Amino acid sequence: MIEWLGISHLFELSGVEAIAGFFTPLAVFAAFFVAQFVLPARRVPGYVIDAATGEPRSYRLNGMLVFLIAIAVWWFEVGGLERDWFYRATIPAVVGGTLFSAIIATVAFFSQPQGHEKNWFLAWWHGRALEHSFFGNRVDLKMYLYVVGGTMLVLNALSGAYYHHELFGDDANPGVYVYAAFFTFYIFDYFIFERVQLYTYDLIHENLGFKLIWGGLIVYGWLYILPMWGMAVHPDPGFSPAVTNIWLGAMVVLFLFGWGISRAGNLQKYWFKRWPDRKFLGFVEQRYIEAGDRKILYSGIWGVARHFNYMGEGFLALSVALVFMHPGNLWAWTYMIFIVSLFTWRQFDDDKVCEEKYGAEKWGEYKARVKYRLFPGVF
Ligand code: NDP
């Protein structure tokens, strides 16, 4: 089965290495926690209101610094950490990381009183509390999850690319390197705009249960590189240099197009929440519907479709699938399949939640103005 799947290279660790791989996430979680705690950070007010004070919650953000240090540690192989280690140790790391995530979720679960969810498993899965923070709000669990997840996504992608380079040398597939560059750029950009993350769905709506903890740490950090599991062992497909350059160039354009839509959408919404009456970037009129003391934005990216920002992620995921230049291999499509499923479900859910928050009448008005969910004229 493993051979048929084309991933037997991920099962070649010795017994000792497999044990080390199993505990790798635990070491990573601890190192990141210490780094976030110790390193300087900027403190900013967020979007979510602290129920205890009625004021916006405050966050210490130092993701970029942690990210850059982690990349340096990986690159310089500090402490004997081999550059291909994260990739080679993926399987036991996912197993160990899942177990450690379950333990964190269980501690979070028992630290809170029972809420309205009486089913224990569902309460554990979805979580009981919206927030957990430690040491006088010095480390916020949600932001910690994304610093670990985002950085590990890049380290796993780079590690896979390094493995590929060692395996094939001159016959390596340049698409694998472009793939790693895509995610390095994506996460670097995320940390530049780390504050914008404070205005997104996970921060606003999701409780800290196993789903979010495992999703943030392991799915995001380790499993987002699923295409690499299959693709790292395939060499250059052998197209002519001209075809290769055109193909990869087109994928870079598609990636930047998707990223641009998504980044512009997120930034516009962030801008709107902070300065609703200021033109976005100085030239996009912020038009909105008033719904009590809330406002629904319907111009710019938010006037194209109700979740055109998700569509941007879809284009980006398509570029990820095609960048390997092996479109017939299902592994290349795994990220795209995940993203399309995640965002299709999420926009339905967000639509429902927003209808409750803004009221059916005003949300209905918004839906009448911006008719499509993801892509104008199609869906
Ligand atoms: P959104 O940024 O769309 O957040 C949804 C919330 O925004 C709503 O609950 C509502 O909250 C507010 N909102 C939605 N529409 C409007 C509107 N028209 N006017 C005013 N407020 C509105 O979604 P996500 O947090 O899911 O995603 C944010 C970004 O994060 C994505 O675009 C994507 O780039 C990235 N992302 C990427 C993932 C990946 O795996 N690659 C996974 C998840 C996210 P309220 O009214 O309370 O402000």
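Data block above holds the structure.
Residues numbered from 1 in each chain as written. Predicted model: local features only at pLDDT ≥ 70, side-chain atom pairs only at ≥ 80, totals over all residues. Heavy atoms only, no water.

On to the packing of helix H3 (residues 63-75) against helix H7 (residues 141-168). Where H3 meets H7, the closest approach of the two axes is 10 Å, and the angle between their N-to-C directions is 25 degrees. When the axis of H3 is compared with that of H7, the two are roughly parallel. In this structure, H3 meets H7 at a crossing whose hand is right-handed. On the side of H3, the interface is formed by Gly63, Val66, Phe67, Ala70, Ile71 and Trp74, while H7 contributes Val147, Thr151, Val154, Leu155, Leu158, Ser159 and Tyr162. (Axes fitted to C-alpha atoms, helices over the stretch in contact; angles between N-to-C directions. Helix = DSSP H or I, 4+ residues; strand = E, 2+ residues; numbered from the N terminus. Parallel < 35°, antiparallel > 145°, perpendicular 65-115°, else oblique. Left-handed = near helix turned anticlockwise from the far one by under 90°. Contact = heavy atoms within 4.5 Å.)

Let us now look at empty space enclosed by the protein. Taken as a whole, this structure holds one cavity of 30 Å³ or more when the rule is applied. Roughly 40 Å³ of internal volume is contained in the largest cavity. Around the largest cavity, the lining residues are Gln36, Arg60, Asn62, Arg138, Val139, Asp140, Met143 and Tyr144. Looking at the lining of the largest cavity, the elements with two or more residues in it are strand S4 (139-140) and H7. Residue classes in the lining of the largest cavity are distributed as three nonpolar, two polar and three charged. (1 Å grid on protein atoms, 1.4 Å probe; cavity = no way out; pocket = protein on both sides within 12 Å on 5 of 7 lines; lining within 4 Å. Points joined across faces, edges and corners; volume = space filled by probe spheres on them. Nonpolar A, V, L, I, M, F, W, Y, C, P; charged D, E, K, R; others polar.)

To continue, consider the side chain of aspartate 350. Tracing the backbone shows aspartate 350 in helix H15 (residues 334-358). Salt bridges are absent for the buried aspartate 350, whose nearest opposite-charge side chain, lysine 357, sits at 5.2 Å. Aside from chain neighbours lying at most four places away, what touches aspartate 350 is Tyr201, His205 and His307. (Buried < 20%, exposed > 50% of the residue type's maximum accessible area, 1.4 Å probe, protein only. Lys, Arg positive; Asp, Glu negative; His and termini not counted. Salt bridge = Lys/Arg side-chain N within 4 Å of Asp/Glu carboxyl O.)

By the definition in use, this model includes 13 salt bridges. Residue arginine 57 is joined to aspartate 140 by a salt bridge in which the shortest nitrogen-to-oxygen separation is 2.5 Å. A residue pair is termed long-range when its members are at least 10 positions apart, and arginine 57 in strand S2 (residues 56-61) and aspartate 140 in strand S4 qualify at 83 residues. Judged by its relative accessible area of 9%, arginine 57 is buried. A relative accessible area of 7% places aspartate 140 in the buried class. Linked by salt bridges that have partners in common, Glu17, Glu82, Asp84 and Arg88 make up one network.

Glancing now at the site of the ligand. Taken together, the neighbourhood of the ligand is formed by 30 residues, with Tyr47, Tyr201, Tyr224, Glu313 and Tyr358 sitting nearest. One nitrogen or oxygen atom from the side chain of serine 262 is found 2.7 Å from an oxygen atom belonging to the ligand. Within the side chain of arginine 346, an N or O atom sits 2.6 Å from an oxygen atom of the ligand. Looking at the shell around the ligand, the elements with two or more residues in it are helix H9 (201-205), helix H12 (241-274), strand S6 (294-297), helix H14 (308-322) and H15. It is H15 that contributes the most residues to the shell around the ligand, nine residues altogether. A per-class count over the shell around the ligand returns 16 nonpolar, six polar and eight charged. (Near = heavy atom within 4 Å. Polar contact = N/O pair within 3.5 Å; in protein donor to acceptor, adjacent residues only side chain to side chain.)

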